[in-house]
Amino acid sequence: MNDNNNLSPARRLVVLGAGESGVGAAILGKDKGFDVFVSDMGHIADKYRKVLEEENIPFEDGRHSEELILNADTIVKSPGIPLTAPMIVKAIEKGIEVISEIEFAGRFTDAKMVCITGSNGKTTTTMLTYHIFREAGIDAGLAGNVGNSLALQVARHPHPVYVIELSSFQLDNMYDFRADIAIILNITPDHLDRYDYKMENYARAKMRITRNQRPDDVCIYWNDDELITSLLKENPTDARLLPFSATDNENMAAHLHNETVIFTTAGNNWEVKRADISIRGLHNLYNTMAAGLAATVAGISPESIRHSLATFKSVEHRLEHVRDWNGIRFINDSKATNVNSTYYALESMDRPTILILGGKDKGNDYTEIEEFVSKKVKGIVCMGVDNRKLLEFFSGKVARIADTHSLEDAVKASVEMAEEGDTVLLSPCCASFDLFSSYEDRGRQFKDAVGRL
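Remember, it's a predicted structure, so these values are computed and weren't measured experimentally.

Q: How should I be thinking about the overall build of the protein chain in this particular structure?
A: Each helix and strand counted, the protein chain has 17 helices and 20 strands in total. Compactness check: the protein chain gives a C-alpha radius of gyration of 23 Å against a globular reference of 22 Å for 453 residues, within 12% of the reference. By principal-axis analysis of the C-alpha atoms, the protein chain measures approximately 65 × 55 × 40 Å. When each of the 453 residues of the protein chain is scored for burial, the buried share is 56%. In the protein chain, once contacts between residues fewer than 6 apart in sequence are set aside, the share between residues at least 24 apart is 66%. When the accessible surface of the protein chain is split by element, carbon and sulfur atoms take 47% of a total near 18800 Å². A distance of 1 Å separates the average location of the 50 positive side-chain charges in the protein chain from that of its 66 negative side-chain charges.

Listed below in structure tokens is the structure:
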């Protein structure tokens, strides 16, 4: 525990953003004796406003008051606030420390940290790892992009182990935090608008998960991702490397052989049949290998891991079967907010597919899914405020294409295209913020609309 570091009590802590992570950081700061102030440029949701009021933590919303912010010793910022935001620029110019909620929380706990990052598969791998740990009787907390704020758990509900999903945004402002087990699933183009449209900037943000790792720590990574392997060579970590691959490669810590996943780590070799894993698809095979390796090095028995792999249920909004209606299957993959995620969704389709695409484009290159579209997709429904880029790219490449600007119209158009035996797949490739408040909102509205058919 690092209570005696440079963040000593009575220093001023300003939290920018009053969502789950911000309110958690504010409570931890209060409990550690900091002079805490919370500021949110938007409207603070009622549930978080109530918590701040009950905790007697001063706050403001609808503005950022410089006189109340730039007197901070440390600022904990929401992951959604870029480093280029005017208030952050001014704070850095004044020499104020700007960190993430994860960094702040890590300074007040000695818990083991199992951290997962990647462009796709983070949530499924995080939830699967958490499920395996809990089923094995380990008192693990769930944090990061899922579960409750890490800072809040450290303050009020501490655990000896945390399983944490980390986005590139959260990794941007982590400096002293250390992952005991780091998992890097993949690095494909995403959020490039946040990184000057430079893939190398985004990739290096992801690789910060290995920062501060020691020889007794572990880095689990997908060996088939050439970008990951090259970056690990460029900036080697002191941690023990455990690569995984779906190829039949005995040099991997986890690999596939005759439809059986083989795990090979120091002193612990075991296997599980692919048919006994509850979640399907190639992408979930990678997720299973990563979670299985994390559990193995944590000392969980193969028998317990096998049981958990057989009983795990898919994450909501990730290839979630909504219903079958008139012989048409509806799949909710709203969590697919980038092209690579949709690639794996299409890879798993085994029926003619109507694909619903669209939303806030983040610099997407749709050529990655072009081959699957030509082989598996019979119609595309574009759903967004501005579908011009999608229409220009896919027109002439599918038999039918529709331009819609609401979820109701998108579902209606997909039903008109689909026939008995087809699948309607919502796998948007894009962020949700043009028409929806979040990908969860988009997915739930899709399920509601399909339920009304």
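So that's the structure; there's more coming.
Q: I'm lost on the packing of aromatic side chains in this one. Help?
A: Under the criterion given, the structure shown has 12 aromatic pairs. Relative to tyrosine 344, the ring of tyrosine 286 has its centre 6.2 Å away and its plane inclined at 85 degrees; by these criteria the two rings are edge-to-face. Here tyrosine 344 lies in helix α13 (residues 339-347) and tyrosine 286 lies in helix α11 (residues 282-297), a separation of 58 residues in the sequence. Take tyrosine 286 and tyrosine 344: they sit in the same class, and that class is buried. Each member of the aromatic cluster is reached from another via a ring pair, and the members are Trp222, Phe244, Tyr286, Tyr343, Tyr344 and Phe372. Here the basic side chain of lysine 397 rests over the ring of phenylalanine 393, its NZ or CZ set 3.6 Å away from the ring centre.

Q: What am I meant to see in the pairing of strand β6 (residues 112-117) here?
A: Remark: a regular strand shows side chains that alternate across the two faces of the sheet. Taking burial as the measure, the six residues of β6 include five buried ones, the bulk of the element. Sheet topology places β6 next to strand β8 (residues 161-165); five bridges connect them, and they run parallel. Each residue of the ladder has a partner; that of valine 114, found in β8, is valine 163. Bridging between β6 and strand β9 (residues 181-184) involves four bridges; their strand directions are parallel. Bridging from a neighbouring strand, valine 114 pairs with isoleucine 181 of β9.

Q: Sorry if this is basic, but what is going on with the sheet that holds strand β13 (residues 260-265) here?
A: Note: strands within a sheet are paired through backbone hydrogen bonds, in either parallel or antiparallel orientation. In space, the nine strands of this open sheet follow the order β7-β8-β6-β9-β10-β11-β12-β13-β14, with mixed pairing throughout. The open sheet terminates on both sides in strands that have one partner only, identified here as β7 (140-144) and β14 (268-273). Strand-to-strand twist of the sheet, defined as the mean angle between neighbouring strand axes without regard to direction, takes the value 20 degrees. Sheet topology note: the strand β12 (residues 254-257)/β13 ladder contains four bridges and is antiparallel. Across the sheet, residue histidine 257 finds its bridge partner in β13, namely threonine 260.

Q: I'm lost on the layout of surface pockets in this one. Help?
A: Each pocket or cavity is described by its volume, and for the second largest pocket that value is around 500 Å³. The wall of the second largest pocket is formed by 21 residues, among which Arg280, Leu319, Ile331, Ser348 and Met349 lie closest to the centre. Those elements that place two or more of their residues in the lining of the second largest pocket are α11, β15 (320-325) and β16 (328-332). Grouping the constituent residues of the lining of the second largest pocket by class yields five nonpolar, nine polar and seven charged.

Rules used in this analysis
- Residues numbered from 1 in each chain as written.
- Predicted model: local features only at pLDDT ≥ 70, side-chain atom pairs only at ≥ 80, totals over all residues.
- Heavy atoms only, no water.
- Helix = DSSP H or I, 4+ residues; strand = E, 2+ residues; numbered from the N terminus.
- Rg over C-alpha atoms; globule rule 2.2 N^0.38 Å.
- Buried < 20%, exposed > 50% of the residue type's maximum accessible area, 1.4 Å probe, protein only.
- Contact = heavy atoms within 4.5 Å.
- Areas by Shrake-Rupley, 256 points an atom, 1.4 Å probe, with all protein chains shown as cover.
- Lys, Arg positive; Asp, Glu negative; His and termini not counted.
- Charge placed at Lys NZ, Arg CZ, Asp CG, Glu CD.
- Phe/Tyr/Trp six-rings, centres within 6.5 Å; stacked < 30°, edge-to-face > 60°.
- Lys NZ or Arg CZ within 6 Å of the ring centre and 35° of its normal.
- Pairing = 2+ DSSP bridges.
- Axes fitted to C-alpha atoms, helices over the stretch in contact; angles between N-to-C directions.
- 1 Å grid on protein atoms, 1.4 Å probe; cavity = no way out; pocket = protein on both sides within 12 Å on 5 of 7 lines; lining within 4 Å.
- Points joined across faces, edges and corners; volume = space filled by probe spheres on them.
- Nonpolar A, V, L, I, M, F, W, Y, C, P; charged D, E, K, R; others polar.

So yeah, pure geometry; function would need other evidence.
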